[in-house]
Each structure stands twice: as C-alpha cells, then as structure tokens.
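Descriptive analysis of the structure
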Amino acid sequence: MEEHNIVLDGDIIVGNHSDIRYGLIADSAILGERVEVSGDINARSDIRIDIWSHIGGTVKTKENAYIGEFVSIDGKLVVKGDLDIGNNVKISDGFEAKGWIVVRNPVPVIAYLFLYLTELLRMGKDEEVEKALSEMFDEEVETIGTTAMIIPNGSKISIDSIRVPSNAVIGSGCRLVGNIRATSLDLANGTTLYGSIRTMNTVNLGENNTIHGNIVSRGDVHINKGTHVLGEINANSIRIHESARVDGVMRASGGIVFDREEEDVLNEKELMTLDI
C-alpha cells in the first residue's frame, strides 16, 4: 500500500458494494456491482467493471476492458485491446481503444465466473473445476492465492482502516496501512502493518511480522517467533513465542503462555537427566 495506490504483483477481485479509497495497480482487476474506487486503475491484463460502479480516476489496461451499464469514470479510459462496453456509461475525459469496440452490456462478473467453470467442465477438466470450487468455498483452505487480493462484499479500505465483514487472511511480504477491523485475522510471515488490529475472534500472527499498533480481541491471540508488536495486547488469552517482542502491556483474562524453542526444552531435559 502506497500513499495513493494499492500495488499488487498479481490480480485483484473486489466484491459488490465495496469502497476502496485508493487507486489500484495489478495484473488484472475484476470489480463487482456498485464498487467505489477513488483513484486510478492500471492493469497489465484485463479489466472487468460491473454495473453501477464508480471510478474516481483514469482506467488503463494493456489488454481488454469490460465495462458494465451505468458505470461512471471520472478520468479517461485507455484500452490497448478490445473494449466491451454497456449502455449509459459515463466517461468524463473520453476513451481510447486500439481494438474492437462493442457497445452492449457485458456479462456480469458472477455469470462470467459461472461460464468459465462451465467451459472447463465441457473441456473435461474436472480436476481443475474441483480445485477452483474447493478454493472458493472450502472453509478449511487457509489462503486463496499467493499473489491475489480478494476483497469481500461490503468491505471498506482507506488510509485509516481496513474493514471486512468477516475473516481477514493476509499473506507474506505485504506492506499495509490502516487499522484492521475483522471477525478474525490470519497473518502469514514478514508483513508490516502500520495500524492496529481489532477482532471479535482469534488473531494468528506468523513469523517476523511488525505491527505498529495495538491488538484488541475478544478471542485468543497467537504470536509466532520474531514478530514485533509495538503497542499493547488485550485479549481473552495470549500465546506468544519467547523470541517475539511486545513493547506495550499484555492483558489476558484467560492467561498468557510463552512458547519456547524445542531445542531449549530438550537441552533442559538432558541437563536434568545428567544432574540425577
């Protein structure tokens, strides 16, 4: 997350009725219905924007663009490939398209995904369909993709906060700005968060993360080795690795447990055996 943009190495999918107070830079971008994006959208691959969405800047893609009905773009639309555009689309600064231009209502995003799965079935790629469905609907799957950002319906991301209506799953090597508000949080390794964390349920922090804020949770908080929390922790219970660091006070009505390295525990047992 930069000052004005969210920058991704992979793709971004934004759910319906979400409010993104940034611009987007990604491989490809898929936006649902009534999505608000305050800045520009730059994609190296396709852009798909569903009906009634509003883009507060310029939209650029090096490939194809699919713009639904009643979409409004405050800047310019630049398409290096084909443009499939619906009726009643407002583009303040005009548009450029080097490929074919078709004026019709593009297939809605959910229907597009359905047709994609149907085509895979027709081609006999049952295993790929099962894998795609399991990744989308299986609650036991920890991450959807290592280079994809998927924003749930009704989310809000601004410089002040990252709000999602359900669980938040964040991968490794990210740089995030804003206070996270979610039902629960799973954070992988090597991520820096400039903000606090507040959840109803559990918070699981991986290794070597840096949190520039407080952690408040009604559930349990688990912190792995090498992670540094610059603020306080208030939770039901806290489980923290001995190499992790917390600058503030830790409060937990259910108790605090410190995890130690297995080698250290084994060495202690060996010493005890020698003493006996």
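Look up: the structure comes first, before these words.
Residues numbered from 1 in each chain as written. Predicted model: local features only at pLDDT ≥ 70, side-chain atom pairs only at ≥ 80, totals over all residues. Heavy atoms only, no water.

**Overview of the pattern of salt bridges**
Tallying each qualifying case throughout the model produces 7 salt bridges. As a salt-bridge pair, Arg239 and Asp259 come within 3.1 Å of each other at their nearest N and O atoms. Of this pair, Arg239 sits in strand E33 (residues 237-241) while Asp259 sits in strand E36 (residues 256-259); the two residues are 20 residues apart in sequence, bridging distant segments of the chain. The shortest N-O distance in the salt bridge between Arg245 and Asp247 comes to 2.9 Å. Relative accessible area serves as the criterion here: at 51%, Arg245 is assigned to the exposed category. (Salt bridge = Lys/Arg side-chain N within 4 Å of Asp/Glu carboxyl O. Helix = DSSP H or I, 4+ residues; strand = E, 2+ residues; numbered from the N terminus. Buried < 20%, exposed > 50% of the residue type's maximum accessible area, 1.4 Å probe, protein only.)

**Considering unusual backbone geometry**
Positioned with a positive phi, Arg34 is a non-glycine residue whose angle comes to about 55 degrees. For Arg34, the position within the fold is in the loop between strand E5 (29-31) and strand E6 (36-37). The partly exposed category is assigned to Arg34, whose relative accessible area is 44%. In this structure, Asn88 takes a positive phi of about 60 degrees despite not being glycine.

**Quick look at the environment of Ile13**
Here Ile13 is to be found in strand E2 (residues 12-14). The sequence separation of Ile13 and Gly32 amounts to 19 residues, and the corresponding C-alpha distance is 7.9 Å. Once you skip the residues sitting within four places of it in the chain, Ile13 turns out to touch Ile30, Met149, Ile150 and Ile151. (Contact = heavy atoms within 4.5 Å.)

**Quick look at the sheet that holds strand E12 (residues 72-73)**
Strand order in the open sheet formed by 12 strands is E15-E12-E9-E6-E3-E19-E20-E23-E26-E29-E32-E35, and the pairing between neighbours is mixed. In this open sheet, the two strands that pair with only one neighbour each are strand E15 (90-91) and strand E35 (250-252). The pairing of strand E19 (residues 156-157) with strand E20 (residues 161-163) spans 2 bridges and is classified as antiparallel. Paired with Lys156 across the two strands is Arg163, which belongs to E20. (Pairing = 2+ DSSP bridges.)

**Digging into the environment of Ser38**
Here Ser38 lies in the loop between E6 and strand E7 (41-43). The sequence separation of Ser38 and Tyr22 amounts to 16 residues, and the corresponding C-alpha distance is 5.5 Å. Ser38 has contacts with Ile20, Arg21, Tyr22, Gly56 and Gly57, leaving out every residue within four places of it along the chain.

**What to know about the nonpolar core**
Within the largest apolar cluster, 56 residues are counted, with the highest numbers of intra-cluster contacts made by Ile20, Leu31, Ile41, Ile67 and Leu205. Shared between two domains, this core takes at least three residues from each, and those domains are domain 1 (5-103) and domain 2 (160-259). Those residues in contact with Leu205 that lie beyond four places of it in its chain are Leu185, Leu187, Ile197, Ile211, Ile215, His222, Ile223, Asn224, Thr227 and Val229. (Core = buried A, V, L, I, M, F, W, Y, C linked by side-chain atoms within 4.5 Å. Domains from an automatic or database assignment.)

**What to know about the packing of aromatic side chains**
As enumerated under the stated definition, the model contains 1 aromatic pair in all. Pairing Trp52 with Phe70 gives two aromatic rings, centres 4.3 Å apart and planes at 5 degrees, and the pair type is stacked. One end of the pair, Trp52, is in the loop between strand E8 (47-49) and strand E9 (54-55); the other, Phe70, is in the loop between strand E11 (65-67) and E12, and 18 residues separate them in sequence. Taking relative accessible area as the criterion, Phe70 reaches 32% and is therefore assigned partly exposed. Taking the ring centre of Tyr66 as reference, the NZ or CZ of Arg48 above it sits at 4.1 Å. (Phe/Tyr/Trp six-rings, centres within 6.5 Å; stacked < 30°, edge-to-face > 60°. Lys NZ or Arg CZ within 6 Å of the ring centre and 35° of its normal.)

**Quick word on the sheet that holds strand E28 (residues 210-211)**
Ordered in space as E22-E25-E28-E31-E34, the 5 strands form an open sheet in which the pairing is parallel. Strands at the two margins of the open sheet, each flanked by one partner only, are strand E22 (175-177) and strand E34 (245-246). Bridge analysis of E22 against strand E25 (residues 192-194) gives 3 bridges, and the strand direction is parallel. The residue bridging Val177 from the neighbouring strand is Tyr194, located in E25.

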